[in-house]
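# Structural overview for review
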Amino acid sequence: MAQCRPADGSPEPCLPAVTRQGYRDAMARLGAAVNIVTTDGPAGRHGFTASAVCSVTDSPPTLLVCLNKGSSAAGAVHANGVVCVNTLAAGHEDLSNLFGGRTPVEERFAAARWCRSATGAPMLADAVVAFDCRIVRTVEVGTHDVLFCEVVGLAEGGAQEGLIYFSRRYHAVTGTS
Ligand SMILES: NC(=O)C1=CN([C@@H]2O[C@H](COP(=O)(O)OP(=O)(O)OC[C@H]3O[C@@H](n4cnc5c(N)ncnc54)[C@H](O)[C@@H]3O)[C@@H](O)[C@H]2O)C=CC1
Ligand SMILES: Cc1cc2nc3c(=O)[nH]c(=O)nc-3n(C[C@H](O)[C@H](O)[C@H](O)COP(=O)(O)O)c2cc1C
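Scoring rules and cut-offs
- Residues numbered from 1 in each chain as written.
- Chains lettered and ligands numbered in written order.
- Predicted model: local features only at pLDDT ≥ 70, side-chain atom pairs only at ≥ 80, totals over all residues.
- Heavy atoms only, no water.
- Helix = DSSP H or I, 4+ residues; strand = E, 2+ residues; numbered from the N terminus.
- Buried < 20%, exposed > 50% of the residue type's maximum accessible area, 1.4 Å probe, protein only.
- Contact = heavy atoms within 4.5 Å.
- Areas by Shrake-Rupley, 256 points an atom, 1.4 Å probe, with all protein chains shown as cover.
- Lys, Arg positive; Asp, Glu negative; His and termini not counted.
- Charge placed at Lys NZ, Arg CZ, Asp CG, Glu CD.
- Pairing = 2+ DSSP bridges.
- Near = heavy atom within 4 Å.
- Polar contact = N/O pair within 3.5 Å; in protein donor to acceptor, adjacent residues only side chain to side chain.
- UniProt positions renumbered as here; feature names shortened; annotations may be inferred.
- Axes fitted to C-alpha atoms, helices over the stretch in contact; angles between N-to-C directions.
- Core = buried A, V, L, I, M, F, W, Y, C linked by side-chain atoms within 4.5 Å.

### What to know about the overall build of the chain
Counting its secondary structure elements, the chain contains four helices and 12 strands. On the principal axes, the C-alpha backbone points of the chain span a range of 60 × 40 × 35 Å. Looking at the chain as a whole, 34% of its 177 residues qualify as buried. For the chain, restricting intrachain contacts to residue pairs at least 6 apart in sequence, the fraction spanning at least 24 positions comes to 60%. Element-wise, carbon and sulfur atoms account for 54% of the exposed surface of the chain, whose accessible area totals about 10500 Å². In the chain, 14 positive and 16 negative side-chain charges are present, and the distance between their average locations comes to 5 Å.

### Structural notes on the pairing of strand 6 (residues 82–87)
Counting buried positions along strand 6 yields six of six residues, so the element is predominantly enclosed. Burial along strand 6 is two-sided: the residues V82, C84 and N86 and V83, V85 and T87 are all buried. Sheet analysis places strand 2 (residues 35–39) next to strand 6, joined by four bridges and oriented antiparallel. Paired with N35 across the strands is T87, a residue of strand 6. Sheet analysis places strand 6 next to strand 9 (residues 129–141), joined by six bridges and oriented antiparallel. Its bridge partner lying in strand 9, V83 is registered against C133.

### Side note on the site of ligand 1
R24, M27, A28, S51, A52, N68, H144, Y165 and R168 make up every residue found near ligand 1. Contact between ligand 1 and Y165: an oxygen atom at 2.8 Å from a side-chain N or O atom of the residue. At 2.7 Å from an oxygen atom of ligand 1 is found a side-chain nitrogen or oxygen belonging to R168. When ligand 1 sits alone it has 640 Å² of accessible area, and the protein chains cover 61% of it.

### What about the UniProt feature "domain: Flavin reductase like" (unreviewed entry) in the chain?
UniProt tags residues 27–172 as "domain: Flavin reductase like" (unreviewed entry). Secondary structure content for residues 27–172 is 14% helix and 51% strand, and the end C-alpha separation is 19 Å.

### With respect to the sheet that holds strand 12 (residues 169–174)
Here we have three strands laid out as an open sheet, ordered 1-11-12, and antiparallel in their pairing. Strands at the two margins of the open sheet, each flanked by one partner only, are strand 1 (32–33) and strand 12. By the bridge criterion, two bridges tie strand 1 to strand 11 (residues 161–166) in an arrangement that is antiparallel. Within strand 11, the residue paired with A32 across the bridge is Y165.

### Some remarks on the sheet that holds strand 10 (residues 144–156)
Spatially, seven strands are ordered 3-2-6-9-10-5-4 in an open sheet, and the strand pairing comes out antiparallel. For this open sheet the edge positions go to strand 3 (46–50) and strand 4 (53–58), each flanked by a neighbour on one side alone. Pairs of neighbouring strands in the sheet enclose a mean axial angle of 30°, with direction left out of account. Pairing between strand 5 (residues 61–68) and strand 10: seven bridges, direction antiparallel. Paired with N68 across the two strands is H144, which belongs to strand 10.

### Focus: the nonpolar core
Ranked by internal contacts, the top residues of the largest apolar core, which has 16 residues, are F48, V65, V77 and C149. Secondary-structure elements contributing two or more residues to this core are strand 3, strand 5, helix 2 (74–80), strand 6, strand 9 and strand 10. Counting 11 residues, the second-largest nonpolar core is a separate cluster that includes L95, F109, W114 and L124.

Okay, here's the thing in structure tokens:
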């Protein structure tokens, strides 16, 4: 790596200080699947786009979602206590941008077809895969809440191409050889 100096006993740090923008630029190089995380219940329907989603453990099946505390979806997600993580396919780029902010909730949902999952959270009809979840723990870290979500239902779709967000752009990836 260009910034890494040899370990020659020098007291200087090996890497420069990390700024917020530097961190974001670095994270832009870390490709990730794109998901729409939905919720419904007493606090109403909401949803947001999330790339910060990751598997935690398979026993019990648990994934995590990082949710910005300032998101308009945050109140509903916490109050309802359930989410459906809908993993997007190639062709869902516009839907991802709609759920990516500043669009009224009803406009977001009007742009796709949804089913009701067992928890009540909206499940995207043509998702690559959908994880129906109950939020079992929340940990606050800086600007975000890390939601630990126990998966109580699964639905696999038939899409052949997934969607990856890398270098601030969407890329279709194929699962067939
Ligand atoms: N984890 C998050 O909250 C993420 C938020 N976003 C938001 O979506 C919009 C478009 O994203 P980009 O074009 O990739 O722009 P960007 O240049 O702001 O972000 C580059 C990368 O940095 C990370 N990142 C961005 N904002 C972050 C935040 N507040 N907390 C933690 N990590 C963050 C993500 O990995 C993102 O792909 C931005 O407003 C960005 O803040 C995007 C990806 C993840
Ligand atoms: C590709 C992409 C990935 C995103 N990933 C996340 C994420 O992991 N966590 C998060 O809180 N926000 C993420 N966002 C931003 C939220 O989708 C957005 O802030 C959210 O919809 C709230 O906007 P609102 O307050 O206008 O509703 C992402 C946006 C895009 C476009």
